[in-house]
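Fold and geometry: a report
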Amino acid sequence: NRNPFVVDCYQLRGLTRVNQGKFDVAIEDYRNALQYAPQHEELWYNLALCYANLKDYEAAVGVLDTIVRIMPGYVPALNMRAQVHIQQQDTVAALADLEASLKINRYDSEVYATRALVYLQQEYYEKAEEDLTYAIHLNPKSDYYINRALTRYYRQELRGAMNDYDLALDLEPDNIHGRYNRGLLRAQVGD
(Lines give C-alpha, C1' and ligand atoms only; values in the text may rest on other atoms or scores of the structure.)
Protein backbone atom coordinates (compact mmCIF):
# COMPACT_ATOMS: atom_id res chain seq x y z
CA ASN A 1 0.00 0.00 0.00
CA ARG A 2 2.82 2.43 0.78
CA ASN A 3 4.93 1.77 -2.29
CA PRO A 4 3.53 -0.52 -4.99
CA PHE A 5 6.64 -0.11 -7.16
CA VAL A 6 8.97 -2.28 -5.06
CA VAL A 7 9.35 -5.41 -7.17
CA ASP A 8 11.16 -7.34 -4.42
CA CYS A 9 8.07 -7.17 -2.21
CA TYR A 10 5.92 -8.85 -4.87
CA GLN A 11 8.63 -11.41 -5.48
CA LEU A 12 9.02 -12.26 -1.79
CA ARG A 13 5.27 -12.51 -1.21
CA GLY A 14 4.98 -14.64 -4.34
CA LEU A 15 7.67 -17.03 -3.06
CA THR A 16 5.95 -17.21 0.31
CA ARG A 17 2.66 -18.06 -1.37
CA VAL A 18 4.37 -20.69 -3.55
CA ASN A 19 5.77 -22.31 -0.40
CA GLN A 20 2.23 -22.34 1.01
CA GLY A 21 0.90 -23.94 -2.18
CA LYS A 22 -1.15 -20.83 -3.05
CA PHE A 23 -0.10 -20.75 -6.68
CA ASP A 24 -3.11 -18.81 -7.99
CA VAL A 25 -2.45 -15.76 -5.75
CA ALA A 26 1.31 -16.06 -6.31
CA ILE A 27 0.55 -15.61 -10.02
CA GLU A 28 -1.04 -12.25 -9.21
CA ASP A 29 2.11 -11.15 -7.38
CA TYR A 30 4.37 -12.16 -10.24
CA ARG A 31 2.13 -10.47 -12.81
CA ASN A 32 2.15 -7.24 -10.75
CA ALA A 33 5.94 -7.36 -10.38
CA LEU A 34 6.43 -7.96 -14.11
CA GLN A 35 4.61 -4.70 -14.86
CA TYR A 36 7.52 -2.89 -13.25
CA ALA A 37 10.36 -5.28 -14.18
CA PRO A 38 9.49 -6.98 -17.50
CA GLN A 39 13.08 -8.23 -18.02
CA HIS A 40 13.34 -9.97 -14.62
CA GLU A 41 14.00 -13.61 -15.49
CA GLU A 42 13.26 -15.05 -12.03
CA LEU A 43 9.80 -13.47 -12.00
CA TRP A 44 8.99 -15.02 -15.37
CA TYR A 45 10.41 -18.35 -14.27
CA ASN A 46 8.40 -18.41 -11.02
CA LEU A 47 5.26 -17.40 -12.92
CA ALA A 48 5.72 -20.37 -15.24
CA LEU A 49 6.41 -22.60 -12.24
CA CYS A 50 3.09 -21.55 -10.69
CA TYR A 51 1.17 -22.39 -13.86
CA ALA A 52 2.95 -25.75 -14.10
CA ASN A 53 2.05 -26.55 -10.48
CA LEU A 54 -1.57 -25.72 -11.25
CA LYS A 55 -1.26 -28.13 -14.21
CA ASP A 56 -2.12 -25.30 -16.61
CA TYR A 57 0.56 -26.49 -19.00
CA GLU A 58 -0.50 -24.33 -21.92
CA ALA A 59 -0.15 -21.16 -19.82
CA ALA A 60 3.20 -22.41 -18.49
CA VAL A 61 4.49 -23.03 -22.01
CA GLY A 62 3.25 -19.58 -23.06
CA VAL A 63 5.22 -17.92 -20.27
CA LEU A 64 8.28 -20.04 -21.00
CA ASP A 65 8.04 -19.15 -24.69
CA THR A 66 8.12 -15.50 -23.65
CA ILE A 67 11.20 -16.06 -21.49
CA VAL A 68 13.03 -17.87 -24.29
CA ARG A 69 12.11 -15.07 -26.71
CA ILE A 70 13.25 -12.30 -24.32
CA MET A 71 16.29 -14.15 -22.92
CA PRO A 72 17.31 -16.91 -25.36
CA GLY A 73 20.28 -18.02 -23.27
CA TYR A 74 18.31 -18.61 -20.05
CA VAL A 75 18.79 -22.37 -19.71
CA PRO A 76 16.42 -22.92 -16.73
CA ALA A 77 13.50 -21.79 -18.92
CA LEU A 78 14.40 -24.28 -21.63
CA ASN A 79 14.73 -27.02 -19.03
CA MET A 80 11.38 -26.23 -17.43
CA ARG A 81 9.69 -26.05 -20.82
CA ALA A 82 11.11 -29.50 -21.59
CA GLN A 83 9.67 -30.81 -18.32
CA VAL A 84 6.28 -29.27 -19.09
CA HIS A 85 6.38 -30.87 -22.55
CA ILE A 86 7.07 -34.20 -20.87
CA GLN A 87 3.95 -33.68 -18.73
CA GLN A 88 2.05 -33.03 -21.96
CA GLN A 89 3.45 -36.28 -23.42
CA ASP A 90 5.29 -34.31 -26.14
CA THR A 91 8.70 -35.96 -26.10
CA VAL A 92 9.71 -34.46 -29.45
CA ALA A 93 9.35 -30.89 -28.15
CA ALA A 94 10.98 -31.87 -24.85
CA LEU A 95 14.02 -33.30 -26.62
CA ALA A 96 14.30 -30.18 -28.79
CA ASP A 97 14.40 -27.97 -25.69
CA LEU A 98 16.92 -30.23 -23.98
CA GLU A 99 19.17 -30.18 -27.05
CA ALA A 100 18.94 -26.37 -27.11
CA SER A 101 19.93 -26.31 -23.42
CA LEU A 102 22.94 -28.50 -24.08
CA LYS A 103 24.10 -26.21 -26.88
CA ILE A 104 24.21 -23.37 -24.34
CA ASN A 105 25.59 -25.35 -21.37
CA ARG A 106 26.79 -28.90 -21.91
CA TYR A 107 27.77 -29.28 -18.25
CA ASP A 108 24.28 -29.20 -16.70
CA SER A 109 23.68 -32.60 -15.10
CA GLU A 110 19.93 -31.99 -14.78
CA VAL A 111 19.55 -31.70 -18.54
CA TYR A 112 21.22 -35.06 -19.10
CA ALA A 113 19.11 -36.64 -16.35
CA THR A 114 15.90 -35.22 -17.83
CA ARG A 115 16.82 -36.33 -21.34
CA ALA A 116 17.51 -39.79 -19.92
CA LEU A 117 13.96 -39.91 -18.54
CA VAL A 118 12.62 -39.11 -22.01
CA TYR A 119 14.77 -41.89 -23.46
CA LEU A 120 13.45 -44.23 -20.77
CA GLN A 121 9.88 -43.42 -21.82
CA GLN A 122 10.84 -44.12 -25.41
CA GLU A 123 12.56 -47.38 -24.35
CA TYR A 124 15.98 -46.23 -25.59
CA TYR A 125 17.67 -47.73 -22.57
CA GLU A 126 21.23 -47.55 -23.87
CA LYS A 127 20.93 -43.80 -24.57
CA ALA A 128 19.29 -43.27 -21.18
CA GLU A 129 22.11 -45.08 -19.41
CA GLU A 130 24.71 -43.07 -21.31
CA ASP A 131 23.10 -39.76 -20.29
CA LEU A 132 22.74 -40.83 -16.68
CA THR A 133 26.36 -41.96 -16.55
CA TYR A 134 27.44 -38.52 -17.74
CA ALA A 135 25.06 -36.79 -15.30
CA ILE A 136 26.63 -38.84 -12.49
CA HIS A 137 30.08 -37.85 -13.72
CA LEU A 138 29.06 -34.17 -13.51
CA ASN A 139 27.15 -34.37 -10.24
CA PRO A 140 26.74 -37.69 -8.40
CA LYS A 141 23.21 -37.73 -6.99
CA SER A 142 21.28 -40.65 -5.59
CA ASP A 143 18.36 -40.10 -7.99
CA TYR A 144 20.67 -40.38 -10.97
CA TYR A 145 22.01 -43.71 -9.69
CA ILE A 146 18.47 -44.97 -9.07
CA ASN A 147 17.36 -44.04 -12.58
CA ARG A 148 20.48 -45.60 -14.09
CA ALA A 149 19.75 -48.75 -12.09
CA LEU A 150 16.32 -48.79 -13.71
CA THR A 151 17.83 -48.54 -17.20
CA ARG A 152 20.24 -51.34 -16.36
CA TYR A 153 17.39 -53.45 -15.04
CA TYR A 154 15.53 -53.06 -18.33
CA ARG A 155 18.71 -54.08 -20.16
CA GLN A 156 18.97 -57.20 -17.93
CA GLU A 157 22.18 -55.91 -16.31
CA LEU A 158 21.05 -56.90 -12.83
CA ARG A 159 24.49 -56.80 -11.22
CA GLY A 160 25.03 -53.23 -12.49
CA ALA A 161 21.55 -52.24 -11.30
CA MET A 162 22.27 -53.64 -7.83
CA ASN A 163 25.57 -51.76 -7.73
CA ASP A 164 23.78 -48.50 -8.64
CA TYR A 165 21.21 -48.99 -5.88
CA ASP A 166 24.05 -49.56 -3.43
CA LEU A 167 25.80 -46.37 -4.58
CA ALA A 168 22.56 -44.38 -4.33
CA LEU A 169 22.01 -45.58 -0.79
CA ASP A 170 25.60 -44.77 0.14
CA LEU A 171 24.85 -41.17 -0.86
CA GLU A 172 21.38 -41.04 0.65
CA PRO A 173 20.71 -43.90 3.09
CA ASP A 174 17.08 -42.90 3.71
CA ASN A 175 16.07 -42.84 0.03
CA ILE A 176 12.89 -44.89 0.03
CA HIS A 177 12.84 -45.48 -3.73
CA GLY A 178 16.37 -46.86 -3.66
CA ARG A 179 15.63 -49.16 -0.73
CA TYR A 180 12.35 -50.38 -2.19
CA ASN A 181 13.75 -51.01 -5.67
CA ARG A 182 16.86 -52.70 -4.30
CA GLY A 183 14.63 -54.92 -2.17
CA LEU A 184 12.57 -55.89 -5.21
CA LEU A 185 15.70 -56.65 -7.19
CA ARG A 186 17.13 -58.74 -4.36
CA ALA A 187 13.88 -60.70 -4.17
CA GLN A 188 14.02 -61.30 -7.91
CA VAL A 189 17.59 -62.65 -7.81
CA GLY A 190 16.86 -64.75 -4.70
CA ASP A 191 18.85 -62.71 -2.16
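What comes next is a walk through the structure. (Residues numbered from 1 in each chain as written. Predicted model: local features only at pLDDT ≥ 70, side-chain atom pairs only at ≥ 80, totals over all residues. Heavy atoms only, no water.)

A look at the overall build of the protein chain
Scanning the protein chain from N- to C-terminus turns up 11 helices and zero strands. Reading the secondary structure of the protein chain in the N-to-C direction produces α-α-α-α-α-α-α-α-α-α-α. If one aligns the C-alpha atoms of the protein chain with their principal axes, the spans along those axes are about 70 × 35 × 25 Å. A sequence separation of at least 24 residues applies to 44% of the contacts in the protein chain between residues at least 6 apart. In the form shown here, the protein chain has an accessible surface area of approximately 10900 Å², with 48% of it arising from carbon and sulfur atoms. Computed over 20 positive and 27 negative side-chain charges, the separation of the two mean positions in the protein chain equals 2 Å. (Helix = DSSP H or I, 4+ residues; strand = E, 2+ residues; numbered from the N terminus. Contact = heavy atoms within 4.5 Å. Areas by Shrake-Rupley, 256 points an atom, 1.4 Å probe, with all protein chains shown as cover. Lys, Arg positive; Asp, Glu negative; His and termini not counted. Charge placed at Lys NZ, Arg CZ, Asp CG, Glu CD.)

What to know about the environment of R115
Along the chain, R115 turns up in helix 7 (residues 109-121). If we skip the residues at most four places from it in the chain, R115 touches L95, L98, E99, L102 and D131. Within polar-contact distance, the side chain of R115 engages the side chain of D131 at 2.5 Å. (Polar contact = N/O pair within 3.5 Å; in protein donor to acceptor, adjacent residues only side chain to side chain.)

A look at the side chain of E129
Locating E129 in the fold gives a position in helix 8 (residues 125-138). The exposure class assigned to E129 is buried, which follows from its relative accessible area of 10%. Those residues in contact with E129, other than ones at most four positions away along the chain, are R148, T151, R152, R155 and E157. (Buried < 20%, exposed > 50% of the residue type's maximum accessible area, 1.4 Å probe, protein only.)

Considering the environment of C50
Here C50 lies in helix 3 (residues 41-53). In this structure the C-alpha to C-alpha distance between C50 and A26, which are 24 residues apart in sequence, comes to 7.2 Å. Among all residues touching C50, those that are not within four sequence positions of it are V18, F23, A26, I27 and Y30.

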